[in-house]
Amino acid sequence: MAIKNIIFDLGGVLLNLDFNKTTEAFSALGVENFNQYFTQFHAHPLFRQLETGAIVNEGFYDELRKTAGIDAANYAIDAAWNAMLLDFPAERIEKIQELASGYRLFLFSNTNAIHHTSFHQSFESKFGFQFDSLFEKAFYSHLAGYRKPDLSAFEYVIREAGVEPAHTLFIDDTLPNIEAAQKAGLKALLVTPEKNMVKLLDEILT
């Protein structure tokens, strides 16, 4: 069936990430083995709470200090947590703008209030307009209360966006999210270091 709708992931698809930078930054704050707390494929319950909006920033700072046994200021935790957020390559943003005339476009991101503030500011500083304006609707896990790869998260987005899964393409850089999207009936594409979002879309939509 023809693709009518495209749902984009954020990190690793539109926004470049480097998880090692956050691991190194937290190590400098005294957090040993940060990978036990958060990776691309795993999140400690505290970080799951942050990404589903179940805990506010202040509660997150306090719980992290207690759990990791560190004495870091809120701004230092913010800086370490945001260190993974790199840049938005212009070609990816141009691709979305190009697609907007022919498809309904959506975003579905596992994120949190701290990252949300940071990447919106960096995007607007670089491009001069609001990031969310690229999409008909942007779904953020900490606002929606749903997080990938939970099947209920995809069902929520499908319902709220009002799309038919069979006509909808989902693009992500994490295999468990791709598999969950397919279980929800969506067509799905996995972004890899060899094939970024632009290359994949050029192949499938041309």
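Everything discussed here concerns the structure shown above.
Everything quoted here is computed from the prediction, not taken from an experiment.

Novice: Could you give an account of the layout of surface pockets, naming the residues involved and the relevant values?
Specialist: There is about 460 Å³ of room inside the largest pocket. In this structure, the largest pocket is lined by 29 residues; those nearest its centre are F38, Q40, E51, N110 and R147. Elements with a contribution of two residues or more to the lining of the largest pocket: α2 (45–51), α6 (113–127) and α9 (175–183). Taken together, the residues that form the lining of the largest pocket break down as 12 nonpolar, 10 polar and seven charged. Approximately 220 Å³ is the volume found for the second largest pocket. If you go around the second largest pocket, the residues you meet are G12, N16, L17, F19, Q40, R92, D173, V191, T192, P193 and N196. Classifying every residue of the lining of the second largest pocket by side-chain character gives four nonpolar, five polar and two charged.

Novice: Which residues make up the side chain of H167, and what values go with them?
Specialist: Within the fold, H167 resides in the loop between α8 (151–161) and β4 (168–172). According to the relative accessible area criterion, H167 is buried, its value standing at 11%. A polar contact of 2.8 Å, which involves the side chain of H167, links it to the backbone oxygen of A2.

Novice: Quick rundown of the sheet that holds strand β3 (residues 137–140)? Include the residues and the values.
Specialist: As summarised here, the arrangement of the five strands in space is β3-β2-β1-β4-β5, forming an open sheet in which the pairing is parallel. Single-partner strands in this sheet number two, and they are β3 and β5 (187–190). Across the sheet, the axes of successive neighbouring strands diverge by a mean angle of 20°, strand direction being ignored. In terms of strand pairing, β4 meets β5 through four bridges, oriented parallel. Its bridge partner being in β5, I171 is matched across the sheet by L189. Against the sheet, α9 makes contact with β4 and β5, and its axis sits at roughly 170° relative to β5, the strand it touches most.

Novice: An account of the packing of helix α5 (residues 90–99) against helix α10 (residues 197–204) is needed here, citing residue identities and associated values.
Specialist: The N-to-C vectors of α5 and α10 enclose an angle of 35°; their axes lie 9 Å apart at closest approach. Counted together, E91, R92, K95, I96 and L99 of α5 and M197, V198, L201 and D202 of α10 form the full contact between these two elements. For the contact of α5 with α10, a count of residues per class yields five nonpolar, no polar and four charged.

Novice: Outline the pairing of strand β1 (residues 5–8), listing residues and values.
Specialist: The alternating pattern of β1 places N5 and I7 on one face and I6 and F8 on the opposite face, and all of these are buried. For β1 and strand β2 (residues 104–109), the ladder comprises four bridges, and the chain directions are parallel. Among the inter-strand pairings, F8 is bridged to a residue of β2, identified as L107. Here β1 pairs with β4 via four bridges, running parallel. Pairing of F8 across the sheet is with I171, part of β4.

Novice: I'd like a description of the nonpolar core, backed by residues and values.
Specialist: Ranked by size, the top nonpolar core spans 51 residues in total, and within it F8, L14, F47, F60, F131, I171 and M197 carry the most contacts. Residues within four places of I171 in sequence aside, it is in contact with I6, I7, F8, D9, V13, L189, V191, M197 and L201. Counting residues in hydrophobic clusters, the runner-up holds 19 residues, among them F139, V163, F170 and L186.

Reading the values: rules and limits
- Residues numbered from 1 in each chain as written.
- Predicted model: local features only at pLDDT ≥ 70, side-chain atom pairs only at ≥ 80, totals over all residues.
- Heavy atoms only, no water.
- 1 Å grid on protein atoms, 1.4 Å probe; cavity = no way out; pocket = protein on both sides within 12 Å on 5 of 7 lines; lining within 4 Å.
- Points joined across faces, edges and corners; volume = space filled by probe spheres on them.
- Helix = DSSP H or I, 4+ residues; strand = E, 2+ residues; numbered from the N terminus.
- Nonpolar A, V, L, I, M, F, W, Y, C, P; charged D, E, K, R; others polar.
- Buried < 20%, exposed > 50% of the residue type's maximum accessible area, 1.4 Å probe, protein only.
- Polar contact = N/O pair within 3.5 Å; in protein donor to acceptor, adjacent residues only side chain to side chain.
- Pairing = 2+ DSSP bridges.
- Axes fitted to C-alpha atoms, helices over the stretch in contact; angles between N-to-C directions.
- Contact = heavy atoms within 4.5 Å.
- Core = buried A, V, L, I, M, F, W, Y, C linked by side-chain atoms within 4.5 Å.

Function-wise, these values are silent; they only describe arrangement.
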